[in-house]
Amino acid sequence: MSFIRTEDRDGVRVITLDNPPVNSLSFALSGELVPIVEAADKDDGVKAVVFIGANGIFSAGADVNDFSTEPTPETRTIRDVIAAVERSNKIYVAAIQKNALGGGLELSLACDYRVATADTKVGLPEIKLGLLPGAGGTQRLPRLIGAQDALDMMLKGKNVKAADAKEKGILDEVVESADGLLDAALKLAKNTEKRRISRRKVELGKGITAQAAPFIVSQAHKMVPAEDAGGFAAHKLIDAVEAAFELPFEFGIAREARLFEELARSAPSFALRHVFFAERELAKIPGLGDAKPLEVKKAGVIGAGTMGTGIAITFAQAGIPVAVIDSNADAVEKARQTVFGMFMYQVQKGRMTQEEAWKLGQSIHFTDDYNELADADVVIEAVFESMDVKKQVFEKLDGIVKPEGILASNTSTLDIDEMASVTKRRDKFVGLHFFVPANIMPLLEIVRGKDTSAQTLATAFKLGKTLRKTAVLSTNAFGFIGNRMVFDYAKAAGALAEEGISPMRIDRVAKTFGFPMGPFAMGDLSGIDVAWHIAKARPDVAKGRTDVIDRLVEMKRLGQKTMAGYFRYDKSVGKGREPIADPEIEALFADEAKKHGIAPREVSDDEILQRLVFALINRGAYLLEEGVALRPGDIDIVYIFGYGFPPHHGGPMWYADEVGVKHVYDKVVEFGWEPAPLLKSIAEKNGTFAALKQGELINA
Ligand code: T1G
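Residues numbered from 1 in each chain as written. Predicted model: local features only at pLDDT ≥ 70, side-chain atom pairs only at ≥ 80, totals over all residues. Heavy atoms only, no water.

Here we take up the sheet that holds strand β7 (residues 121-123). Ordered by their spatial adjacency, three strands build an open sheet running β5-β7-β8, and the pairing between neighbours is mixed. Here the strands that pair on one side only, and so sit at the sheet edges, are β5 (99-101) and β8 (160-161). Examined bridge by bridge, β7 and β8 share two bridges and lie antiparallel to one another. Bridge pairing in β8 places Val122 opposite Val160. (Pairing = 2+ DSSP bridges. Helix = DSSP H or I, 4+ residues; strand = E, 2+ residues; numbered from the N terminus.)

Below, the discussion takes up the sheet that holds strand β1 (residues 4-9). The six strands are arranged β1-β2-β3-β4-β6-β9 in an open sheet whose pairing can be described as mixed. Every other strand in the sheet has two partners, leaving β1 and β9 (173-175) as the edge strands with one partner each. Adjacent strand axes in the sheet meet at a mean angle of 20° when their direction is disregarded. Packed onto the sheet, helix α7 (residues 181-188) meets β1, β2 (12-17), β3 (48-53), β4 (91-96), β6 (113-117) and β9 and runs at close to 165° relative to β6. (Axes fitted to C-alpha atoms, helices over the stretch in contact; angles between N-to-C directions. Contact = heavy atoms within 4.5 Å.)

Attention now goes to the site of the ligand. In the vicinity of the ligand there are 27 residues, among which Ala60, Ala62, Glu106, Glu126 and Arg280 approach most closely. One of the side-chain nitrogen or oxygen atoms of Glu106 is found 2.5 Å away from an oxygen atom of the ligand. A distance of 2.8 Å separates an oxygen atom of the ligand from a polar side-chain atom of Arg280. Within the complex, 75% of the 1,000 Å² of free accessible area of the ligand lies under protein. Elements that contribute at least two residues to the shell around the ligand include exactly β5, α3 (103-109) and α11 (267-281). For the shell around the ligand, the element with the most residues is α11, which contributes three residues. A per-class count over the shell around the ligand returns 14 nonpolar, six polar and seven charged. (Near = heavy atom within 4 Å. Polar contact = N/O pair within 3.5 Å; in protein donor to acceptor, adjacent residues only side chain to side chain. Areas by Shrake-Rupley, 256 points an atom, 1.4 Å probe, with all protein chains shown as cover. Nonpolar A, V, L, I, M, F, W, Y, C, P; charged D, E, K, R; others polar.)

Let's shift gears to the packing of helix α28 (residues 661-670) against helix α29 (residues 677-684). The N-to-C vectors of α28 and α29 enclose an angle of 130°; their axes lie 8 Å apart at closest approach. The orientation of α28 with respect to α29, classified from their angle, is oblique. Like other packed secondary-structure pairs, α28 and α29 cross with a definite hand, here left-handed. For the pair α28 and α29, contact is made by Val661, Lys662, Val664, Tyr665 and Val668 and by Leu679, Lys680, Ile682 and Ala683, respectively. Split into classes, the residues belonging to the contact of α28 with α29 amount to seven nonpolar, no polar and two charged. (Parallel < 35°, antiparallel > 145°, perpendicular 65-115°, else oblique. Left-handed = near helix turned anticlockwise from the far one by under 90°.)

Our focus in this paragraph is the domain arrangement of the protein. As far as domains go, the protein holds domain 1 (299-475) and domain 2 (483-699). For domain 1 and domain 2, the distance between their C-alpha centres works out to 30 Å. Contact with domain 1, which involves 13 residues of that partner, is made by 11 residues of domain 2. Across the contact surface, domain 1 and domain 2 share zero salt bridges. Along the contact surface separating domain 1 from domain 2 lie two residue pairs in polar contact (both at pLDDT 80 or more). Listing elements by their share of the side of domain 1 that touches domain 2, those giving two or more residues are β16 (443-448) and β17 (470-475). Tallying contributions element by element places β17 first for the side of domain 1 that touches domain 2, with five residues. Here the side of domain 1 that touches domain 2 is built from residues that sort into six nonpolar, six polar and one charged. (Domains from an automatic or database assignment. Salt bridge = Lys/Arg side-chain N within 4 Å of Asp/Glu carboxyl O.)

Along the chain, His649 falls in the loop between α26 (632-643) and α27 (652-659). For His649, a relative accessible area of 16% translates into the label buried. When sequence neighbours within four positions are dropped, the list of residues in contact with His649 reads Ala271, Phe513, Trp654, Tyr655 and Glu658. (Buried < 20%, exposed > 50% of the residue type's maximum accessible area, 1.4 Å probe, protein only.)

To continue, consider α27. Across the eight residues of α27, six count as buried, placing the element largely inside the fold. Within the span of α27, buried status applies to Pro652, Met653, Trp654, Tyr655, Ala656 and Asp657. Each element contacted by the buried residues of α27 is listed here: α11, α18 (482-498), α19 (503-513), α25 (605-625), α26 and α28. Positioned one or two residues after α27, Gly660 has a phi angle of 105°, which is positive.

Across the interface, helix α4 (residues 137-145) lies against helix α10 (residues 249-264) with an axial gap of 8 Å and an inter-helix angle of 130°. It follows from the interaxial angle that α4 and α10 lie oblique. Residue-level contacts link Gly137, Thr138, Gln139, Arg140 and Arg143 of α4 to Phe249, Gly252, Ile253 and Glu256 of α10. In terms of residue class, the contact of α4 with α10 is made up of two nonpolar, four polar and three charged.

Structure (structure tokens):
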């Protein structure tokens with residue numbers, strides 16, 4: 001299969017990259033491209049070369065799949081293509097459309113000129129894969145835009161819009177649309193001035209003396225997380241940029257290549273590449289086939305509380321007009337203020353103009369008239385977490401919303417099928433579980449009821465993408481995926497506290513592992529009363545948990561919202577959000593432990609971490625064999641995007657493979673927990689979760 005096409009246009013060789021869907025620069029494509037570049041160089045009839053992409057994109061960069069294969073001496077990579085360009089004396093132009101990312105941008109940086117369409121985004125996002133730009137980016141970008149801007153762009157891995165890229169000097173020209181792209185590139189190809197970046201001195205940035213440069217770049221090491229706390233790739237990326245200052249170009253390229261290889265073989269990078277692909281697997285649902293999603297042109301939200309308002313803002317920001325229904329005038333007023341405040345904040349941050357904010361605000365319409373939802377394509381209820389209340393809402397909606405309209409519940413723990421049962425459209429009923437704040441948190445659990453149709457599911461996933469959410473499928477089981485796992489995680493934390501380990505120490509161990517906050521701080525944030533309600537509703541799930549939560553609720557210590565929960569909070573400390581250890585709570589745990597005959601014991605940090613994380617893994621294994629979660633990678637995505645599991649550990653199920661499923665199983669047995677049969681069977685085979693094929697598990 002050929003990945004490259006060439007065409008000569010008046011002495012200019014136009015080389016088209018064609019590797020759908022994103023023209024990834026695979027080993028195979030590079031192998032084909034190197035001799036083509038070398039042939040152009042030797043051809044006296046060729047005055048210049050233009051690189052352009054097919055499939056509506058320039059290139060998404062090197063093929064991420066290739067990093068897990070060991071190249072042979074014959075393998076050609078994007079580095080070899082760039083080296084061939086570097087050796088050539090012709091003029092090279094990159095004609096960029098939509099994206100030039102990673103190796104795609106690095107290929108264009110080896111050219112003399114770069115022109116792009118206005119909708120283009122360029123970037124070096126390798127850090128998100130636990131890598132660094134390994135095809136000259138760490139050496140060329142600092143020479144093009146100064147080390148400070150280059151470091152900022154590479155360490156954040158953020159894509160840059162065409163206009164900003166031109167402003168920075170990355171692009172020479174921006175054209176309105178793809179129609180004029182090739183002509184603009186052919187014009188630039190007529191230039192005779194060679195502008196190879198590799199021959200330039202590195203500048204730090206505008207007006208900062210070169211002498212200060214190496215020192216300032218070395219300070220960057222202090223601005224990134226420690227190597228074992230997710231900063232592994234960042235420090236090596238900074239080392240590569242330091243080499244740009246201290247070594248001749250070719251030596252810097254060699255240094256970059258070594259650092260890249262170290263990262264490509266590192267556990268954090270394997271984990272992050274797993275996350276990259278697991279996220280793109282989510283919407284591949286067996287049995288969905290070619291179900292055609294409905295177009296969502298209008299939405300409705302029932303309930304103008306925190307969740308309802310956040311969901312409404314999410315729709316507005318995705319360009320979908322939304323009607324918010326609430327009979328409580330105060331709630332509506334509060335919601336209006338929240339929406340107004342939200343959009344004004346975006347204006348203050350320069351993320352949108354006043355007029356854009358006004359238009360967005362207008363696309364959210366508050367009313368108490370259900371009839372306004374008659375033509376809604378999807379209506380989401382976000383009312384009080386009571387089955388009776390929700391059933392009343394859905395009975396009413398069923399009689400008003402057009403027959404093809406989808407009804408959804410934002411419930412976090414209640415039974416989707418029971419709600420659907422009061423409607424005549426069980427096939428069009430689905431759970432859409434957003435995470436608070438709904439307009440910020442990326443995770444969305446799409447809950448499939450027993451009668452939910454393939455079309456409804458396909459519509460839900462398309463809607464998730466439109467809302468820019470990371471949507472994961474769950475079947476209709478208590479707590480779905482994330483919350484079901486967090487109950488076990490919280491229970492494990494409580495058990496440790498009853499053995500005399502302070503909540504502050506338990507939280508510190510979790511944060512050292514990479515969680516943004518520990519289990520007790522998280523409990524205080526989400527509210528002790530929330531956990532209490534759930535424990536009361538589902539004693540089977542809460543089984544084994546002692547009465548500490550009951551005692552806290554009696555003491556009206558509900559968490560951050562009452563300035564006291566597992567920890568105390570003080571407005572003068574961290575704006576009232578900084579957990580402060582409270583001996584009264586440690587005494588409470590000791591008291592409960594005594595009542596239940598639990599003796600205090602010495603526990604290592606390792607065991608604390610194992611009991612927290614292995615509780616997640618064991619529950620995840622149950623969810624897989626029960627068919628609640630579709631794939632191990634889905635569980636990883638839920639826990640990374642919804643609960644802050646450190647992505648450089650790949651998610652709970654990936655982490656189990658990293659530490660060894662047998663080791664996890666042995667520890668689960670040692671802790672006296674009931675091991676999931678799937679965990680046991682994988683352990684006995686010395687297998688991995690990653691090796692599970694969908695067919696082995698899925699009750700599709
Ligand atoms: N390699 C392999 N497959 C890729 C890929 C890549 N770089 N990028 C995308 N895909 C696949 C993806 O798995 C999915 O496959 C399909 O393309 C559509 O992707 C040497 C070392 C370009 C903005 O990190 O940011 O260059 O599910 O769903 O939403 O220094 O893809 O269809 O089978 O995301 O329209 C650096 C990663 C690589 C860019 C398009 N580059 N890609 O978004 O589609 S490392 C990146 C993206 C590198 C050099 C280094 C996005 C996109 P499938 P999608 P999208």
